Amino acid sequence: MEQRFKKSGSGIDLWIHCRMRQLYILITVCILMGCGEARYPQVLIEADSLANLKPYQAKMLLQNVEKQMEAEPEHVQMFYQLLRIKANDKSMEPHLSDSTILRLVDYYERSRDKKLLKQAYYYAARTYISMKDATLAEEYFEKALKTGDTISNSQIYWWLGDLYRKQGLYDLAIEKLHRAYLGEQQEDSVEQLIDLFSLGRTYREMERYDSCIHYMQETFILASALKDSSMMRTTASAIADVAVRYGQYDYARRILGHRLAGAMATNDVDLLTSAASLYAKTGMEDSAKLLYRRMLEQSLPNKTKRDVYRSLLSLNLKQRNIGEAYDNLLYYEHFDDTVRHDDISEQLVKMNSVYDYRIREKQAEQLRAENERKQMWIGGIAALLIVVLISSLWYISYSHQRQTILRFKIQKKDELIAHYQSKTKQEKESTQTSIEQTGIYRYIQQAILDKRHLTNEEWQLLDKTVNQIFKGFSARLQELCRISQHDYHICLLIKVGMLPMNIATLTDHSPEAISSTRRRLYQRAFGQKGTPKDWDSLILSL
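Starting from 1, residues in each chain are numbered consecutively following that chain's sequence as written. Owing to the predicted nature of the model, reporting of local features is limited to residues with pLDDT of at least 70; listing and counting of side-chain atom pairs is limited to 80 or more, with chain, interface and lining totals taken over all residues. To get the side-chain values, take all heavy atoms of the structure and skip hydrogens and water.

1. Focus on the overall build of the protein
Here's step 1: Per the convention used, a helix needs a DSSP run of H or I reaching at least four residues, while a strand needs a run of E reaching at least two, with both numbered from the N terminus. When helices and strands are tallied, the protein shows 28 helices and one strand.
Here's step 2: Looking at the protein as a whole, 46% of its 542 residues are labelled buried.
Here's step 3: Note on contacts: a residue pair qualifies if any of its non-hydrogen atoms lie within 4.5 Å across the two residues. Put simply, 59% of the contacts in the protein that link residues at least 6 apart link residues at least 24 apart.
Here's step 4: A 1.4 Å probe and the Shrake-Rupley method give the accessible areas. Residues count as covered only by the protein chains that appear here. Carbon and sulfur atoms make up 52% of the accessible area of the protein, which amounts to about 28500 Å² in all. Here's how the labels work: a residue is buried when its accessible area is under 20% of the maximum for its type, exposed when over 50%, partly exposed in between, all with a 1.4 Å probe on protein chains only.

What follows is the structure, encoded as structure tokens:
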């Protein structure tokens, strides 16, 4: 049951196996009853039964009889392949190819064993969900709804509703989820709980908060009756989050109750999100920041991390914590780029799915080869134009954000250099004296006299020494730009006061190469040309 909650990442997915339990019981009954001449070996009946609750054992059993199946009649071999897909699906393994399930669909459409046809359609839809082809998944779910009665239609309606929700087709999602709920009202309270929560979650994504709260409250009441504490916690957090959006802060506090006080000690991301949002809206910025940092200790999707850093950025700007805001901005920009890249990749996958679907339809038509080639060219050009358009929009957005980051970096750099220049001569000399009293400084001086470059061990010691004297030097440098090991060695030597000609000796490079590297690092960090001394000034200020 825990696997189901993991699948959707919202708490509800721990119950996916409960939704499918009736399916597997009905399938087993169907197989035991048989269909005309169709008879199946006892080992396959056992594997089918095992797949319901022990899919891994079922997979082992099916693997053990693989050779034996080669001598069996076609209908047994087909049933064997269907059971393998079922066991893989039940154990939450991704479906990587549709070749086997399409062969099974074709066979059961042509055969007299119609009782297994609905299962074939169902697992074809599940396969295409795994392959992120929503178009074909919807098609096969609809076919399953029109075929036989070995699978509860309520289950299929729920999957269709979830499929539409993930595509942003909320009106269709609501329709299917309502039909799933109506079909479960006389059957299974656990399934009703899932349907109610799914309706509330969908209305929440639609920003129809009145309907969201209604269904979440219904979910909470049913979860209380079933003594399902996990769903009660998840639902309470969802209701509180919506209440915060409405500005009903006292109501949100009442809903969260005593859990609000213990939010800092929990790993419940839903609770942390609701509590942090509540504190941020009610003037408790420091508490909100603590909870957002607690969230970052959890395993979060990139989109959630981006939103957390955006919230922290907003809070730190409000409190005028420029240093923390700068760090938040860097992380936000990183995760925002990652999410944008993922979104573009997902759109490309969707385009490819549509393209593949059209190809399958064309293959079913005869005497239209010329038209097929034209449509492929048109589809390819359209896809290319869409890719170019998406890439252009992304690049424009990325360039704008990059310019903002660079302006922020330059401002930060100027502040650091000004702060360093404001130090007294005595303070600077004291720091340099601390450096010169270290063992690695004496090694460097000897290496200069010997006209040799530093060893790996000496570089490591220099790195450790610099970061001990100048806390966080390496981390601050890495935030400016990407640097190679050679670049980092140059920066370390600048930091301990080495002259360019000595840096050239210690790194086994020419003085011209050292100057070029310092100039290049400045341009990489700030997007504008600068002198080697400009880079040196920055390094000394870190």
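2. What to know about the environment of Val269
Here's step 1: Mapped onto the secondary structure, Val269 falls in helix α16 (residues 269-281).
Here's step 2: C-alpha of Val269 to C-alpha of Leu291: the two residues are 22 residues apart in sequence and 9.7 Å apart in space.
Here's step 3: Apart from the residues within four sequence positions on either side, Val269 is in contact with Met295, Gln298 and Leu300.

3. Side note on the side chain of Lys59
Here's step 1: As for its position among the elements, Lys59 is in helix α4 (residues 55-64).
Here's step 2: The class for Lys59 is buried, based on a relative accessible area of 14%.

4. A few points about the environment of Met216
Here's step 1: Tracing the backbone through its elements, the reader meets Met216 in helix α13 (residues 209-226).
Here's step 2: Judged by its relative accessible area of 0%, Met216 falls in the buried class.
Here's step 3: Separated by 20 residues in the primary sequence, Met216 and Ala236 have C-alpha atoms spaced 7.9 Å apart.
Here's step 4: With sequence-adjacent residues up to four places away left out, Met216 is seen in contact with Phe197, Gly200, Arg201, Thr235, Ala238 and Ile239.

5. Quick look at the packing of helix α8 (residues 117-130) against helix α10 (residues 153-166)
Here's step 1: At their nearest, the axes of α8 and α10 sit 12 Å apart, and the two run at 20° to each other. With respect to α10, the axis of α8 lies roughly parallel. The element α8 and its partner α10 pack so that their crossing is left-handed. On α10, the residues that touch Lys118, Tyr122, Arg126 and Ile129 of α8 are Asn153, Ile156, Trp159 and Leu163.
Here's step 2: Three residue categories are used. Nonpolar comprises Ala, Val, Leu, Ile, Met, Phe, Trp, Tyr, Cys and Pro, charged comprises Asp, Glu, Lys and Arg, and polar comprises the others, including Gly. By residue class, the composition of the contact of α8 with α10 is five nonpolar, one polar and two charged. Angles run from 0 to 180 degrees between N-to-C directions of axes, and those axes are lines fitted to C-alpha atoms, restricted for helices to the stretch in contact. Orientation categories follow fixed angle ranges, with anything under 35 degrees roughly parallel, anything over 145 roughly antiparallel, 65 to 115 roughly perpendicular, and all other angles oblique. Crossings are classed by handedness, with left-handed meaning an anticlockwise turn of the near helix from the far one by less than a right angle and right-handed meaning a clockwise turn.

6. A few points about the nonpolar core
Here's step 1: Side-chain atoms within 4.5 Å are what join buried Ala, Val, Leu, Ile, Met, Phe, Trp, Tyr and Cys residues into a set we call a nonpolar core. Counting 93 residues, the largest nonpolar core has Leu44, Tyr108, Tyr140 and Tyr292 as the members making the most contacts within it.
Here's step 2: Beyond its immediate sequence surroundings of up to four residues, Leu44 is in contact with Leu62, Met69, Val76, Phe79, Tyr80 and Leu83.

7. Considerations on a nonpolar patch on the surface
Here's step 1: Taken together, the side chains of Trp377, Ile381 and Leu385 make up a nonpolar region of the molecular surface, amounting to roughly 390 Å² of accessible area.
Here's step 2: Relative to the elements of secondary structure, Ile381 occurs in helix α20 (residues 369-421).
Here's step 3: What makes Ile381 partly exposed here is its relative accessible area of 46%. Grouping into patches uses exposed residues only, defined as over 30% relative accessible area, and leaves out salt-bridged ones; the cut-off is 9 Å for like charges and 5 Å for nonpolar side chains (Val, Leu, Ile, Met, Phe, Trp, Tyr). Within this document, salt bridges are pairs made up of a side-chain nitrogen of Lys or Arg and a carboxyl oxygen of Asp or Glu, the two lying within 4 Å of each other.

8. Focus: the packing of aromatic side chains
Here a ring pair, both rings aromatic, is described through the centre-centre distance and the interplanar angle of the planes.
Here's step 1: When the centres of two rings from Phe, Tyr and Trp lie within 6.5 Å, Trp using its six-membered ring, the rings pair. Their planes under 30 degrees apart give stacked, over 60 give edge-to-face, and anything left gives tilted. Enumeration according to the criterion identifies twelve aromatic pairs in this entry.
Here's step 2: Centre to centre, the rings of Tyr209 and Tyr246 are 5.6 Å apart; their planes meet at 85°, and the pair counts as edge-to-face. Linking Tyr209 in helix α13 with Tyr246 in helix α14 (residues 229-246), this pair joins segments that are 37 residues apart in sequence.
Here's step 3: Aromatic ring contacts, followed pair by pair, group Tyr121, Tyr128 and Tyr140 into a single cluster.
Here's step 4: In our convention, an over-ring charge means Lys NZ or Arg CZ found within 6 Å of a ring centre and within 35 degrees of that ring's normal. One Lys or Arg, Arg126, reaches over the ring of Trp159 and ends 4.2 Å from the middle of that ring.
Here's step 5: Just above the ring of Phe470 sits the side chain of Lys495; from NZ or CZ to the centre is 4.2 Å.

9. Describing unusual backbone geometry
Here's step 1: Backbone geometry at Lys132 places phi at a positive 60°, although glycine is not the residue there.
Here's step 2: Within the element layout of this structure, Lys132 appears in the loop between α8 and α9 (134-145).
Here's step 3: The backbone of Asp508 sits at a positive phi, close to 60°, despite the residue not being glycine.
Here's step 4: One can find Asp508 in the loop between α26 (500-507) and α27 (511-526).
Here's step 5: The exposure class assigned to Asp508 is exposed, which follows from its relative accessible area of 56%.

10. Some thoughts on the environment of Lys59
Here's step 1: When the C-alpha atoms of Lys59 and Ala87 are compared, they prove to be 6.1 Å apart, with 28 residues separating the residues in sequence.
Here's step 2: With near-sequence residues (within four places) excluded, Lys59 lies in contact with Ala87, Asn88, Ser91 and Glu93.

11. Things to note about the packing of helix α12 (residues 189-205) against α13
Here's step 1: Close contact between α12 and α13 brings their axes to 8 Å; oriented N to C, the two are set at 155°. Taken together, α12 and α13 sit at an angle that is classed as roughly antiparallel. At the point where α12 passes α13, the crossing takes the left-handed sense. Taken together, the residues of α13 that come into contact with α12 (itself represented by Ser189, Val190, Gln192, Leu193, Leu196, Phe197, Leu199, Gly200, Arg201, Tyr203 and Arg204) are Tyr209, Ser211, Cys212, Tyr215, Met216, Glu218, Thr219, Leu222, Ala223 and Leu226.
Here's step 2: In terms of residue class, the contact of α12 with α13 is built from 13 nonpolar, five polar and three charged.

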